[in-house]
Amino acid sequence: MSFTPLKIILVSTPVGCLGSGRGGGVELTISSLIKGLLSLGHSITMLAPEGSVLPPGCEQVDLRQVSGVQQPSWQHREYSGPALIPLEGVLPRLWQQALELGASADAVVNFGYDWLPIWLTPRVKQRLFHLISMGGVSRIMKELIRDVARSHNSRFAFHTKRQASDFLLHHQPLIVGNGFDLSQYELNLNSRGPLGWVGRIAPEKGLEDAAAVATALQDRLLVWGLIEDSAYAKRVEASVPPGTIEWRGFHSTIDLQRELGNCRALINTPKWNEAYGNVIVEAMACGVPVVAYNRGGPGELINSGVTGWLVEPDDVEALKLSVMKVNEIDRLACRNWVEKYASLDVFAKHVEDWILHGLEVNYSENSSLIS
Ligand code: UDP
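The shown structure was predicted, so the numbers you read here are calculated from the model rather than taken from an experiment.

(A) Broad picture of the packing of aromatic side chains. If you walk through the whole model with that rule in mind, you get 5 aromatic pairs. Plain terms: the ring middles of F180 and Y276 are 6.2 Å apart, the flat faces sit at 25° to each other, and that makes the pair stacked. Separated by 96 residues along the polypeptide, F180 in the loop between helix 5 (161-165) and strand 7 (195-198) and Y276 in the loop between strand 10 (265-268) and helix 9 (278-285) bring together distant segments of the chain. Since its relative accessible area comes to 1%, F180 is described here as buried.

Quick look at the structure:
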């Protein structure tokens, strides 16, 4: 079979520039996918908010920076509230360029969880694809994704089944998982280190429960991540004895994995339907078992009893008891799971198959919205 490289436009999240941490897991997903698609021979143009930087390994990408005011994140807004676009917003500017470049590209792949690109999908000739990065955190997004996916199902992909189940889709959703550049993560077999927690410091991540476990075990909790909500961070810190939390800040992947690999366990405590949970897989890539609430993506990533423990959501006592038996987990099994299911190559192949399949479907015949 002959191979034809695709010309692909990737459009980043409008909530922050790449490298800032404000985009959460999407930032790492984008860099993994770039590396994976490049290694498959495709050509990539990346549109991202001004100030964005790409990590080493992405040098072949044509990175176009777009100025404008960044979008507020959906998960911190009223569930039934409207879609917002600030004055001088970066979102419409990103999409103006995406449509221009997309006219001569094979596909435009969107990573932004936002109304405009999804609404455009059945209304333009450019082939827009959406890798949805969150669950149904807003009613307007939930209904829009459900409705557009009804006529354009092959243009949507999700990270996990549990994430997709939020959208009450009419067709079977495509699940692509996620991918990690495993050359960046070193296996660490030391199982006697501290407890760790990684994530954006924001209420939906439930740091307070992990801190409560550390308190109950009279232990310390090392915390890595961007402080998105400083009032929340202060409340969590005040809820536990001084010194329980050790704030480690936001690190590059290389530095993060070096420190994280020393932990005896990662505690993961989502209070929302976590779409995937990059930090779980990153910990496992270093050999660190994960003890998590069985809510959203973590329930599909952790093989309870093999790569960590899953417990009833919000059950802090169960979380503590599972942390106490984390030494029963073989750290090598954690790394093996990631190599098998979440490598950069596996992920890029899933995404390539998705795009190729989506390009075969001719929506102009199916959709009454296209003239
Ligand atoms: N992260 C990082 N440095 C840090 C802490 C976190 O680069 O010091 C990244 C981490 O690699 C992961 C992201 O932050 O990719 C968090 O993603 P996750 O999917 O866990 O949650 P999200 O923020 O998307 O809800």
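(B) The arrangement of the pattern of salt bridges in detail. All chains considered together, the criterion is met by 20 salt bridges. With a closest N to O distance of 2.9 Å, D314 and K271 form a salt bridge. You can see D314 sitting in the loop between strand 12 (308-311) and helix 11 (316-324) and its partner K271 sitting in the loop between strand 10 and helix 9, a full 43 residues away along the chain. Classification of D314 as partly exposed rests on a relative accessible area of 37%. Within the structure, one salt-bridge network assembled from shared partners comprises D209, K271, R295 and D314.

(C) Structural view of the state of the cysteines. Following the criterion strictly, the structure yields 0 disulfides and no others. Of all cysteine sulfurs, the one in C58 lies closest to C17, which takes part in no disulfide; the gap is 15 Å. Residue C334 stays outside any disulfide, its sulfur separated by 10 Å from that of C286, the closest cysteine.

(D) Structural view of the site of the ligand. Neighbouring the ligand are 18 residues, the closest being G25, R200, K205, H251 and E282. G25 has a polar backbone atom sitting 2.7 Å from an oxygen atom of the ligand. One of the side-chain nitrogen or oxygen atoms of R200 is found 2.7 Å away from an oxygen atom of the ligand. Relative to its unbound accessible area of 550 Å², the ligand is 90% covered by the protein chains. Among the secondary structure elements, those contributing two or more residues to the shell around the ligand are helix 1 (25-39) and helix 9. It is helix 9 that contributes the most residues to the shell around the ligand, 3 residues altogether.

(E) Quick peek at the pairing of strand 1 (residues 7-11). The element strand 1 is largely enclosed, with a buried count of 4 among its 5 residues. Bridge analysis of strand 1 against strand 2 (residues 43-49) gives 5 bridges, and the strand direction is parallel. Its bridge partner lying in strand 2, V11 is registered against L47. The β-α-β motif built from strand 1, the intervening helix 1 and the parallel element strand 2 has right-handed crossover chirality. Across 4 bridges, the pairing between strand 1 and strand 4 (residues 107-110) is parallel.

(F) Highlighting the environment of L10. You can see L10 is positioned in strand 1. What makes L10 buried here is its relative accessible area of 0%. Ignoring sequence-local partners within four residues, the contact set of L10 consists of I34, I44, T45, M46, L47, V109 and F111.

(G) Just a nonpolar patch on the surface, in detail. A contiguous nonpolar surface patch, about 260 Å² in accessible area, is contributed by L187, L189 and L332. Mapping L189 onto the fold places it in the loop between helix 5 and strand 7. By relative accessible area, L189 is classed as exposed at 57%.

(H) View of the packing of helix 1 against helix 13 (residues 344-360). With their axes 8 Å apart at the nearest point, helix 1 and helix 13 run at an angle of 80° to one another. Taken together, the axis directions place helix 1 and helix 13 in an arrangement best described as roughly perpendicular. From helix 1, T29, S32, L33, K35, G36, L37 and S39 reach across to helix 13, where they touch L344, D345, F347, A348 and V351. For the contact of helix 1 with helix 13, the residue count by class is 6 nonpolar, 4 polar and 2 charged.

(I) Focus on the pairing of strand 10. Both faces of strand 10 are covered, namely the face carrying A265 and I267 and the face carrying L266 and N268. Note: strand 7 against strand 10, 2 bridges, orientation parallel. The residue of strand 10 that forms the bridge with G196 is L266. Pairing analysis gives 3 bridges linking strand 10 to strand 11 (residues 290-293), with the strands arranged parallel. Paired with N268 across the bridge in strand 11 is A292. Remark: the strand 10/helix 9/strand 11 crossover connection has right-handed handedness.

Cut-offs and rules
- Residues numbered from 1 in each chain as written.
- Predicted model: local features only at pLDDT ≥ 70, side-chain atom pairs only at ≥ 80, totals over all residues.
- Heavy atoms only, no water.
- Phe/Tyr/Trp six-rings, centres within 6.5 Å; stacked < 30°, edge-to-face > 60°.
- Helix = DSSP H or I, 4+ residues; strand = E, 2+ residues; numbered from the N terminus.
- Buried < 20%, exposed > 50% of the residue type's maximum accessible area, 1.4 Å probe, protein only.
- Salt bridge = Lys/Arg side-chain N within 4 Å of Asp/Glu carboxyl O.
- Disulfide = S-S within 2.5 Å.
- Near = heavy atom within 4 Å.
- Polar contact = N/O pair within 3.5 Å; in protein donor to acceptor, adjacent residues only side chain to side chain.
- Areas by Shrake-Rupley, 256 points an atom, 1.4 Å probe, with all protein chains shown as cover.
- Pairing = 2+ DSSP bridges.
- Right-handed = clockwise from strand over helix to strand, strands pointing away.
- Contact = heavy atoms within 4.5 Å.
- Patch = residues over 30% accessible without salt bridge, like charges linked within 9 Å, V, L, I, M, F, W, Y side chains within 5 Å.
- Axes fitted to C-alpha atoms, helices over the stretch in contact; angles between N-to-C directions.
- Parallel < 35°, antiparallel > 145°, perpendicular 65-115°, else oblique.
- Nonpolar A, V, L, I, M, F, W, Y, C, P; charged D, E, K, R; others polar.

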